[in-house]
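Coordinate analysis (summary)
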Amino acid sequence: MSTIALTSGTLPAGLIALPGVYQPQADTRFLADALSHEDLGPHTEALEIGTGTGALALHAAGRGARVTAVDVSWSAVVTARINAARRRLPLRVLHGDFAARTAGRRFDLILTNPPYVPSPQAGLPSRGAERAWDAGPDGRAVIDRICARAPALLRPDGVLLMVHSGMCGAERTVDGLARAGLSARVAARASVPWGPVLRSRRAWLERQGLAAEAEEWEELVVIRARHR
């Protein structure tokens, strides 16, 4: 397992973020590294689910892809639109649930850094910054929806790239995508220091068996799935 270098890497520099919008962090940069290995061009139609600042969507647009980005947060939608305008990059940013806003469309590439942090709360938050990370007791509330929906969103040979914590179960994601009809694998693994959200719920994570006592490093995985 490698350790991610906490640099901006291939992501656009100088992005703004309105209050409450998830700013690019190690998981964003990890997914950007995976994206850099994909073949993109003007004929690539891409979708980002949960765009935040638009960092990944703009990375893909900067390489020529035609990108649609979706987020449930109006603050994120406005942020991504501002960042796209500042860089004069074409980016279609939609507000709402990804499944509803993309009904009937198919893409060559799907990017997503979904909420994946296990939370003591059973439901997903309806407001606040925690919408970007809280994902139910096993961290899979959004991941499982994406796994189930991906085949309907991908064109033949289309690719899904998803990053999430190893706490959520990488093999569960691979198996879920395979059951949905995709060819899936763990494309990359890395480790990063625990952030403030995980540290704040350490005792609960340990009681749930999701973290070892005194654990300080979190595994991240990038899942790559292809439409057969």
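Residues numbered from 1 in each chain as written. Predicted model: local features only at pLDDT ≥ 70, side-chain atom pairs only at ≥ 80, totals over all residues. Heavy atoms only, no water.

Let us look at the side chain of His227. Within the secondary structure layout, His227 lies in strand β8 (residues 217–227). Separated by 3.5 Å, the side chain of His227 and the backbone oxygen of Pro151 make a polar contact. Among all residues touching His227, those that are not within four sequence positions of it are Arg106, Pro151, Leu154, Arg155, Pro156, Asp157, Gly158 and Leu182. (Helix = DSSP H or I, 4+ residues; strand = E, 2+ residues; numbered from the N terminus. Polar contact = N/O pair within 3.5 Å; in protein donor to acceptor, adjacent residues only side chain to side chain. Contact = heavy atoms within 4.5 Å.)

Before going further, it helps to examine the confidence of the model for the chain. Predicted coordinates in regions of low pLDDT should not be interpreted in detail. Counting all residues, the mean pLDDT for the chain is 93, and 96% of those residues have values of 70 or more. Taken as a whole, residues 3–8 scores under 50 in pLDDT and shows twelve contacts with residues more than four places along the chain or in a different chain. (pLDDT = per-residue confidence, 0-100.)

Next up on the list: the pairing of β8. Of the strand pairs in this sheet, strand β6 (residues 154–165) and β8 are connected by seven bridges, and their pairing is antiparallel. Along β8, the bridge assignment pairs Val159 with Arg226. When strand β7 (residues 182–193) meets β8, the two strands line up antiparallel, connected through eleven bridges. Across the sheet, the residue bridging to Ser191 is Glu219, located in β8. (Pairing = 2+ DSSP bridges.)

Turning our eyes to something else, we now look at a nonpolar patch on the surface. A surface patch of nonpolar side chains, about 260 Å² in accessible area, is lined by Trp74, Val78 and Ile82. Relative to the assigned elements, Ile82 resides in helix α3 (residues 74–87). Owing to a relative accessible area of 32%, Ile82 belongs among the partly exposed residues under this scheme. (Patch = residues over 30% accessible without salt bridge, like charges linked within 9 Å, V, L, I, M, F, W, Y side chains within 5 Å. Areas by Shrake-Rupley, 256 points an atom, 1.4 Å probe, with all protein chains shown as cover. Salt bridge = Lys/Arg side-chain N within 4 Å of Asp/Glu carboxyl O. Buried < 20%, exposed > 50% of the residue type's maximum accessible area, 1.4 Å probe, protein only.)

What follows deals with helix α6 (residues 170–179). Buried within α6 we find Ala170, Thr173, Val174, Gly176 and Leu177. Down the axis of α6, the buried side of the element spans an arc of 165°, and every buried residue falls inside it. Residue Gly181 follows α6 closely and has a positive phi angle near 105°. (Arc of directions from axis to C-beta.)

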